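What follows is the residue order along each chain.
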Amino acid sequence: MRTLIVDDERLARNELKRLLEPYTKIEIVGEAANAEEALVMIDELQPELLFLDIQMPGKNGFELLSAIEGKSPEVIFTTAYDEYAIKAFEFNALDYLLKPIDTERLKETIHRIEENQAHTEIPVSNHERVEKILGENDQVFVKDGEKCWFVKLGKVRLFESMGNYVRLHFDDQKPLVLKSLNNLEERLDPGTYFRANRKHIINLHWIEKIEPWFSGGLLVTLQGGDKIEISRRQAIRFKELMSL
């Protein structure tokens, strides 16, 4: 995974790089000392994963994430303070590591990331992996607790990020699956499913109404009544995709 480290302390960045050396699947593509640097690097380098400090001069880690529009990297918070944990998971963090970072705790985190990636891949040979793109006519198996569904994807009107889970909205059902929204987005047919913002993917065939919204965004109403905001940057992309 292309990885960016964001921390205002140079020694903390160096220590984290040292701890990550054994993990060959983590490719560190850059490091930033503050949110402003990070925003530029995220735009240029398109990292898949952020190790993100919370307390930094200028924008803090939460404000940085709020400033990212469109598809956001996965996030692992690294901080010396434990009082932000609940808020961190409201931002759909993969994990929350307290400094000084424990090697075994980091190992668990990386293992969870690798497992999550592996679940989105279909092995073809020992040397090649491909991901099957899922369209509206594909049937998918969904299990949440004791309940199971075999649902046609075209019936799913909305995918909603809930921390390490994604909630599927179809019929009157709202099951949770252990999957990140970013990984799910890579599996879904972009001709049918659109990333509206950091927390939602919508089924374009379920759109009932579109209205202008704040700061150049759009407000979409889906059949069934769900109202989803399309962020300003994604609204530009939406208009490019859907206009004549």
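The model shown is predicted, which means the values in this text are computed figures rather than measured ones.

Quick notes on the overall build of the protein
And then number 1: Helix and strand content of the protein: seven helices and 17 strands.
And then number 2: With respect to the three principal axes, the spread of C-alpha positions in the protein is 50 × 45 × 35 Å.
And then number 3: Expressed as a percentage of its 244 residues, the buried residues of the protein come to 45%.
And then number 4: Of the contacts made within the protein by residues no fewer than 6 positions apart, 49% connect residues no fewer than 24 positions apart.
And then number 5: Carbon and sulfur atoms make up 51% of the accessible area of the protein, which totals about 13200 Å².
And then number 6: Of the side-chain charges in the protein, 33 are positive and 43 negative, and the distance between the mean point of each set is 4 Å.

Notes on the pattern of salt bridges
As a working rule, side chains carrying opposite charge can pair if their charged atoms are close by.
And then number 1: Under the defined criterion, the tally for this structure stands at 11 salt bridges.
And then number 2: Between aspartate 171 and lysine 155 there is a salt bridge, with its nearest N and O atoms 3.0 Å apart. Within this pair, whereas aspartate 171 is found in the loop between strand 11 (165–169) and strand 12 (176–178), its partner lysine 155 is found in the loop between strand 9 (147–152) and strand 10 (158–162), the two being separated by 16 residues in sequence.
And then number 3: Judged by relative accessible area, which is 44%, aspartate 171 ranks as partly exposed.
And then number 4: In this structure lysine 155 comes out as partly exposed when scored by relative accessible area, which is 37%.
And then number 5: For aspartate 226, the salt bridge identified is with arginine 157, shortest N-O distance 2.7 Å. Separated by 69 residues along the polypeptide, aspartate 226 in the loop between strand 16 (218–222) and strand 17 (227–230) and arginine 157 in the loop between strand 9 and strand 10 bring together distant segments of the chain. Pair check on accessibility: aspartate 226 and arginine 157 agree, each one buried.
And then number 6: In this structure, a network of salt bridges that share partners links the residues Asp7, Asp53 and Lys99.

Quick notes on the sheet that holds strand 11
And then number 1: Strand order in this open sheet of five strands is 12-11-10-14-13, and the pairing throughout is antiparallel. Every interior strand has two partners, whereas the edge strands, strand 12 and strand 13 (193–195), have only one. Taken over all neighbouring pairs, the strand axes of this sheet differ in orientation by 25° on average, direction set aside.
And then number 2: Bridge analysis of strand 10 against strand 11 gives five bridges, and the strand direction is antiparallel. If you follow phenylalanine 159 over to strand 11, its bridge partner there is leucine 168.

Regarding the packing of aromatic side chains
And then number 1: A full pass over the atoms with the stated rule returns seven aromatic pairs.
And then number 2: Between phenylalanine 159 and tyrosine 193 the ring centres are 5.7 Å apart and the planes differ by 75°, which places this aromatic pair in the edge-to-face class. With phenylalanine 159 in strand 10 and tyrosine 193 in strand 13, the pair connects residues that are 34 residues apart, well separated along the chain. The pair formed by phenylalanine 159 and tyrosine 193 is uniform in burial state, with each residue classed as buried.
And then number 3: Among the aromatic residues, those joined into a ring-pair cluster are Phe62, Phe77, Tyr81 and Tyr84.

A closer look at helix 7 (residues 232–242)
And then number 1: The set of residues buried in helix 7 consists of Gln234, Ala235 and Phe238. For helix 7, the arc enclosing every buried residue in end-on projection is 105°, short of the 170-degree limit, so these residues lie on one face.
And then number 2: Looking at the packing, one finds that the buried side of helix 7 touches strand 13, strand 15 (207–212), strand 16 and strand 17.

A closer look at the environment of arginine 13
And then number 1: Within the fold, arginine 13 resides in helix 1 (residues 10–20).
And then number 2: The class of arginine 13 is buried, set by a relative accessible area of 11%.
And then number 3: Each residue touching arginine 13, except ones within four places of it in the same chain, is listed here: Ile5, Asp7, Asp8, Glu31, Ala32 and Ala33.
And then number 4: Side-chain polar atoms of arginine 13 contact the backbone oxygen of aspartate 7, separated by 2.7 Å.

Some points on the UniProt feature "modified residue: 4-aspartylphosphate" (unreviewed entry) in the protein
And then number 1: UniProt feature "modified residue: 4-aspartylphosphate" (unreviewed entry): in the numbering of this structure it lies at Asp53.
And then number 2: In this structure aspartate 53 touches Val6, Asp7, Asp8, Gly61, Thr78, Thr79 and Lys99, once residues within four positions along its chain are discounted.

Thoughts on the domain arrangement of the protein
And then number 1: Each assigned domain of the protein is listed with its residue range as follows: domain 1 (2–117) and domain 2 (142–242).
And then number 2: Spacing between the C-alpha centres of domain 1 and domain 2 amounts to 25 Å.
And then number 3: Of the residues lining the interface, 15 residues belong to domain 1; the matching set on domain 2 comes to 18 residues.
And then number 4: Carbon and sulfur atoms supply 34% of the area buried between domain 1 and domain 2, which totals about 1500 Å² over both sides.
And then number 5: Here domain 1 and domain 2 share one salt bridge between them.
And then number 6: With a shortest N-O distance of 3.7 Å, arginine 233 and aspartate 43 are connected by a salt bridge.
And then number 7: A breakdown of the residues in the side of domain 1 that touches domain 2 according to their chemical character gives seven nonpolar, four polar and four charged.

Each value, and the rule that gives it
- Note that residues are indexed from 1 along each chain, following the sequence as it is written.
- Where totals are concerned, whole chains, interfaces and linings use all residues; where local detail is concerned, this predicted model gives features only for residues with pLDDT of at least 70, and gives and counts side-chain atom pairs only at 80 or more.
- To get the side-chain values, take all heavy atoms of the structure and skip hydrogens and water.
- Put simply, DSSP H or I for four residues or longer makes a helix, DSSP E for two residues or longer makes a strand, and each gets a number counted from the N terminus.
- Working definition: with a 1.4 Å probe on protein chains only, accessible area under 20% of the residue-type maximum means buried, over 50% means exposed, and in between means partly exposed.
- By the convention used here, residues are in contact when the closest approach between their heavy atoms is within 4.5 Å.
- Here the open area of atoms and residues is found with the Shrake-Rupley method and a 1.4 Å probe, where only the protein chains shown may cover a residue.
- His is not counted here, nor are the chain ends, while Lys and Arg score as positive and Asp and Glu score as negative.
- We put the charge of a Lys on NZ, of an Arg on CZ, of an Asp on CG and of a Glu on CD.
- The salt bridge definition used is simple: a Lys or Arg side-chain nitrogen within 4 Å of an Asp or Glu carboxyl oxygen.
- The pairing criterion is simple: DSSP has to find at least two bridges between the two strands.
- Note on geometry: axes are lines fitted to C-alpha atoms, helical ones only across the stretch in contact, with angles between N-to-C directions running from 0 to 180 degrees.
- Think of it this way: a Phe, Tyr or Trp ring, Trp meaning its six-membered ring, pairs with another when their centres are within 6.5 Å, and the plane angle makes it stacked under 30 degrees, edge-to-face over 60, tilted otherwise.
- Picture the helix axis, draw a direction to every C-beta atom, and the arc is the one those directions span.
- Pairs of N or O atoms within 3.5 Å make up the polar contacts considered here, provided that, within protein, one atom can donate a hydrogen while the other can accept it, and that residues adjacent in sequence are counted only when both atoms are side-chain atoms.
- UniProt positions are given in the numbering used here, feature names are shortened, and annotations may be inferred rather than shown by experiment.
- Where each domain starts and ends follows an automatic or database-derived domain assignment.
- Accessible area, probed at 1.4 Å, shrinks when two parts are joined; the buried area is that loss added up over both.
- As a working rule, the residues Ala, Val, Leu, Ile, Met, Phe, Trp, Tyr, Cys and Pro are called nonpolar, Asp, Glu, Lys and Arg charged, and the rest polar, with Gly in that last group.

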